[in-house]
Amino acid sequence: LVISLLAYAYHAALIKSAIKGRMHVVTASYVSPAMKDLDMEAKRAGIVVMNGIGLDPGIDHLYAVKTISEVHEKGGKIDRLLSYCGGVPASECSGNPLVYKFSCSSRCVLLALSNSASYLSRGKQVDITGSGLMGYAKPYFISTEKE
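All values reported here derive from a predicted model rather than from experimental measurement. (Residues numbered from 1 in each chain as written. Predicted model: local features only at pLDDT ≥ 70, side-chain atom pairs only at ≥ 80, totals over all residues. Heavy atoms only, no water.)

Enquirer: So what exactly am I meant to see when it comes to the sheet that holds strand β1 (residues 2-4) here?
Expert: Note: strands within a sheet are paired through backbone hydrogen bonds, in either parallel or antiparallel orientation. If you walk across this open sheet you meet the three strands as β1-β2-β3, and the pairing is parallel. Sheet topology places β1 and β3 (49-50) at the edges, where each strand pairs with a single neighbour. In terms of strand pairing, strand β2 (residues 25-27) meets β3 through two bridges, oriented parallel. Looking across to β3, one finds that V26 is bridged to M50. Helix α1 (residues 11-21) rests against β1, β2 and β3 of the sheet, and its axis sits at about 165° to β2. (Pairing = 2+ DSSP bridges. Helix = DSSP H or I, 4+ residues; strand = E, 2+ residues; numbered from the N terminus. Contact = heavy atoms within 4.5 Å. Axes fitted to C-alpha atoms, helices over the stretch in contact; angles between N-to-C directions.)

This is how it looks when you write it as structure tokens:
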């Protein structure tokens, strides 16, 4: 199993290598056209490629800890784990028009705004085109007061 936290630009090359080695792949990246082009080749190789499985730092780190534990249980050793990510900053620390602190490539964040989205609402699937995605954006207010 290959768990990649690499930048999205490297994932097509990584998936090509995984196809040759017949290794399953998990990435935190959205599916790029180059990655999508490898879908049939991956299926023919009998591997699963799961993309977009990440939240900085959430799921990436949880899975990294799980994998490290499995390696240690089998007597292996992890030489190095590097993770570059961030979190949701306090609004007073987000002095930019997007009120967002970039924890990865700002280009990736902006490209993600063109992706379509699907979710379940009251048991029904809702599909939103990439061009309409930001029309669904709304503020969420979180109360710090105890009820």
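Read on, since the account is not over.
Enquirer: Honestly, the confidence of the model for the chain in this entry has me stumped. Any pointers?
Expert: The predicted model of the chain averages 78 in pLDDT, with 69% of residues at 70 or higher. The weakest mean pLDDT in the chain belongs to helix α5 (residues 106-112) at 70; the strongest belongs to helix α3 (residues 39-45) at 97. (pLDDT = per-residue confidence, 0-100.)

Enquirer: Where do I start with the nonpolar core in this structure?
Expert: The nonpolar side chains of a soluble globular protein tend to be buried with one another. Among the nonpolar cores identified, the biggest contains 11 residues, and these are A12, L14, I15, A18, I19, V25, M35, L38, A42, A45 and I47. Within the residue set of this core, elements represented by two or more residues are α1 and α3. Element by element, the count of residues in this core is highest for α1, at five residues. Leave out the neighbours within four places in its chain, and I19 touches L38, E41, A42, A45 and I47. (Core = buried A, V, L, I, M, F, W, Y, C linked by side-chain atoms within 4.5 Å. Buried < 20%, exposed > 50% of the residue type's maximum accessible area, 1.4 Å probe, protein only.)

Enquirer: Is there a simple way to explain the side chain of S29 in this structure?
Expert: Here S29 lies in the loop between β2 and α2 (33-36). Within the structure, the side chain of S29 is placed 2.8 Å from the side chain of H11, a separation counted as a polar contact. Ignoring sequence-local partners within four residues, the contact set of S29 consists of L6, Y8, H11, N51 and G52. (Polar contact = N/O pair within 3.5 Å; in protein donor to acceptor, adjacent residues only side chain to side chain.)

Enquirer: Is there a simple way to explain the environment of L113 in this structure?
Expert: Inspection of the secondary structure assignment puts L113 in the loop between α5 and β4 (117-121). Placed 18 residues apart in sequence, L113 and S131 show a C-alpha to C-alpha distance of 8.2 Å. With residues near it in sequence (within four places) discarded, L113 still touches G130, L133 and M134.

Enquirer: I would appreciate a short explanation of the pattern of salt bridges in the present structure.
Expert: A full pass over the atoms with the stated rule returns two salt bridges. When the shortest N-O distance is used, the salt bridge between K43 and D39 registers 3.0 Å. With a gap of four residues between them, K43 and D39 both fall in helix α3, about one helical turn apart. D39 sits in the partly exposed class, given a relative accessible area of 35%. A salt bridge links E70 to K66, with the shortest nitrogen-to-oxygen separation between them at 2.4 Å. Separated by four residues within a single helix, E70 and K66 lie in helix α4 (residues 58-73), roughly one turn from each other. Given the relative accessible area of 35%, E70 is considered partly exposed. (Salt bridge = Lys/Arg side-chain N within 4 Å of Asp/Glu carboxyl O.)

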